[in-house]
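Structural features, examined
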Amino acid sequence: MHILKLIFKNAFRHKLRTFLTILGVAIAILAFGLLRTVISTWYLGVEASSASRLVTRNAISLVFPLPLSYKEKIRQVEGVKEVSYGSWFGGIYIDEKHFFANYAVEPETYLKIYPEIIIPPDQKSVFFRDRKSAVAGRKLAERYGWKIGDIITLKGTIYSGNWDFVLRGIYRGRDENVDETAFVFHWEYLNESLKKTSPLRADQVGWYMIEVTNPNIAAEAAVKIDRMFKNSLAETLTETEKAFTLGFISMTEAIVIAIQLVSFLIIFIIMAVVANTMSMTARERIGEYAIFKTLGFGGFHITGLIFGESLVITMVGAALGIFLTFPAAKIFGKELSTYFPVFIVEPETIYMDIGAALVVACVAALFPAWRAVNIRIADGLRRIG
Amino acid sequence: MGNRPPIVVIRNLCKSYFRGNQVIQVLNDISLDIDDGEFLALMGPSGSGKTTLLNLIAGIDKVDSGIIQVGGVDITSLSETELAQWRAMNVGFIFQFYNLIPVLTAFENVELPLLLTGLSKKERRTHVETALSVVNLSDRMDHYPGQLSGGQQQRVAIARAIVTDPTILVADEPTGDLDRVSANDVLELMERLVHELGKTIIMVTHDPRAAKMAHVIKHLDKGVLNAHPQTDF
Ligand SMILES: Nc1ncnc2c1ncn2[C@@H]1O[C@H](COP(=O)(O)OP(=O)(O)O)[C@@H](O)[C@H]1O
Ligand SMILES: [Mg+2]
């Protein structure tokens, strides 16, 4: 007979209580896993960003534009391989509830700098030729049932009026972490309209996207670019794509922190639940532990029995919770794709699940084990009968 | 046998408990020798300190003062850990309520004390089977305690007590929870252990019939021992 067998038998002695505790742990781990995934999703853009890409924006704020004329100057800077530019459009599809990212870019250079955006060649060539055309991410097209050739109308917010686009391409991401819910169209189309309606706003871009020849010189190139436009009308701020994305995220930091807190709160609550189960169990068995001690088993063995039982219950629950996390994340991601373009369970999340479960199991066993080890045998035996 | 030193030597043993701020003197200057192979019955009214004395001899409680030697070892000087190891090797326990582990089979219950020895699985099996055959329960070894009668459970407990071949067996009212027939079985079994296998048994009992089986009867009253040597065995 092995002690392990005894631990398993003990764990499932009080079937309903064990079942309920396991269920509680499973749900807690599931909720914890989903919240951790929300957090890691938040930072996915940072991970997806390349070390050899820079973003140049107006030094004052992202809402102020930069002249189009900077493009050629930036291209001259040593180490710069390719330059593209874009403007945030902020158009509304149907109504505000149907949010997705939409912006104007120079298509050819944009797709060169972002090779992770993949468009079938035939669609790509039509997209390049047709100035009124746009491409949409696979998930976005799926969400609205868009087909190639559909006319999509966006209501301008920054740029007034209704804007019609012909969908000429549907892109997919090369990697899992590429946002497949964006809508991208020709910057030229936007600029030509502006030339007619509000010429003062024409020939302005929201930001420049720059690819450097080598990640090691990225920082150096950024300094050179910013120095070049020092004391000009529109001073620039150039940073790596990573820093740029992090800047966006810092605006939402409070929400991330709140989610972090809630996720740990869940673990704390389940810790209390498992601790309660374990102390009920240990209290009922105090006589049995006294028998073990009478027979010569030491504190080490008693501790092992109680920790083992706590681990069995918690780890079965955690395994169940982790198992459920994947389908749940799939459903969650589908339903909330507006807010979370990419929703994948990272390996780190699973490690955290396991870590949290281990901590829960050990903390829950601590007090019962301490009590069972320290009770005098004679007192423990008196509890029997 | 007369020249052999006693297996248990108790000198000037005192033990008291605190209840609140009140001191209860349970055992008062007890001295006692128990010979190897003796079957000793400890009698006395409820609350007279019988269990306390038995626990002290078995090394599961600590004395206030005095000496207890078992098999030449002064167990009052042992540390908690040393005492646990000593119990595993030297004491077999038989309780009123059998105290078997309900989730383990009869076999596994008897095997428990052997897990603390260095014996191989095969050796353990041999020992367990021998012990179970001594108590005449070879055919019940895969049964759980809940599937056995009280008498059978107590016999499993006796098998567990003898499986390590300990120096002494202690029994605290072993027939207290049994009907007359089962009680007789258990008592006859204990007598056989003494006569055929030469075990030393210290038994607390209320039952005059149980006491009749013993070689020596001691009465404990208000913490003091009185000898009542029994002659007719
Ligand atoms: N842990 C303890 N704390 C306080 N008093 C105790 C404790 N254990 C036993 N006693 C007291 O010691 C006395 C003797 O108890 P015990 O040895 O169990 O008697 P017996 O077995 O003869 O019935 C009783 O009065 C009992 O209440
Ligand atoms: Mg008693």
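Residues numbered from 1 in each chain as written. Chains lettered and ligands numbered in written order. Predicted model: local features only at pLDDT ≥ 70, side-chain atom pairs only at ≥ 80, totals over all residues. Heavy atoms only, no water.

Along chain A, the regular secondary structure elements total 15 helices and twelve strands. What you see for chain A is a C-alpha radius of gyration of 30 Å, clearly larger than the 21 Å of a compact globule of 385 residues, by over 25%. Expressed along its principal axes, the backbone C-alpha trace of chain A runs to roughly 95 × 45 × 30 Å. Residues counted as buried form 50% of the 385 residues belonging to chain A. A sequence separation of at least 24 residues applies to 80% of the contacts in chain A between residues at least 6 apart. Surface summary for chain A: the accessible area is close to 18,600 Å², and the carbon and sulfur share equals 65%. Across chain A, the 42 positively charged side chains and the 36 negatively charged ones have centroids separated by 9 Å. (Helix = DSSP H or I, 4+ residues; strand = E, 2+ residues; numbered from the N terminus. Rg over C-alpha atoms; globule rule 2.2 N^0.38 Å. Buried < 20%, exposed > 50% of the residue type's maximum accessible area, 1.4 Å probe, protein only. Contact = heavy atoms within 4.5 Å. Areas by Shrake-Rupley, 256 points an atom, 1.4 Å probe, with all protein chains shown as cover. Lys, Arg positive; Asp, Glu negative; His and termini not counted. Charge placed at Lys NZ, Arg CZ, Asp CG, Glu CD.)

If you trace the four strands from one edge of the open sheet to the other, you get 2-1-4-5 (chain B), paired in antiparallel fashion. What marks the edges here is a single partner per strand, and that holds for strand 2 (22-34) and strand 5 (73-74) of chain B. (Pairing = 2+ DSSP bridges.)

Opposite charge on two side chains permits them to pair, given that their charged atoms come into close proximity. All names here are of chain A. Counted under the stated rule, the structure contains 30 salt bridges over all chains. Close ionic contact of Glu241 with Arg53 constitutes a salt bridge, the shortest N to O distance being 2.8 Å. Taken together, the positions of Glu241 in helix 10 (residues 241-250) and Arg53 in strand 1 (residues 53-58) put the pair 188 residues apart, joining distant regions of the chain. Considered together, Glu241 and Arg53 belong to a single accessibility category, that of buried residues. (Salt bridge = Lys/Arg side-chain N within 4 Å of Asp/Glu carboxyl O.)

The next thing to look at is the domain arrangement of chain A. Residues and elements named next belong to chain A. Taken domain by domain, chain A comprises domain 1 (3-44 + 253-382) and domain 2 (60-234). Domain 1 and domain 2 are separated by 48 Å when their C-alpha centres are compared. Of the residues lining the interface, six residues belong to domain 1; the matching set on domain 2 comes to nine residues. Summed over both partners, the interface of domain 1 with domain 2 comes to about 680 Å²; 55% of that surface belongs to carbon and sulfur atoms. Here domain 1 is connected to domain 2 by zero salt bridges. Connecting domain 1 to domain 2 are zero residue pairs in polar contact (both at pLDDT 80 or more). (Domains from an automatic or database assignment. Buried area = accessible area lost by both parts, 1.4 Å probe. Polar contact = N/O pair within 3.5 Å; in protein donor to acceptor, adjacent residues only side chain to side chain.)

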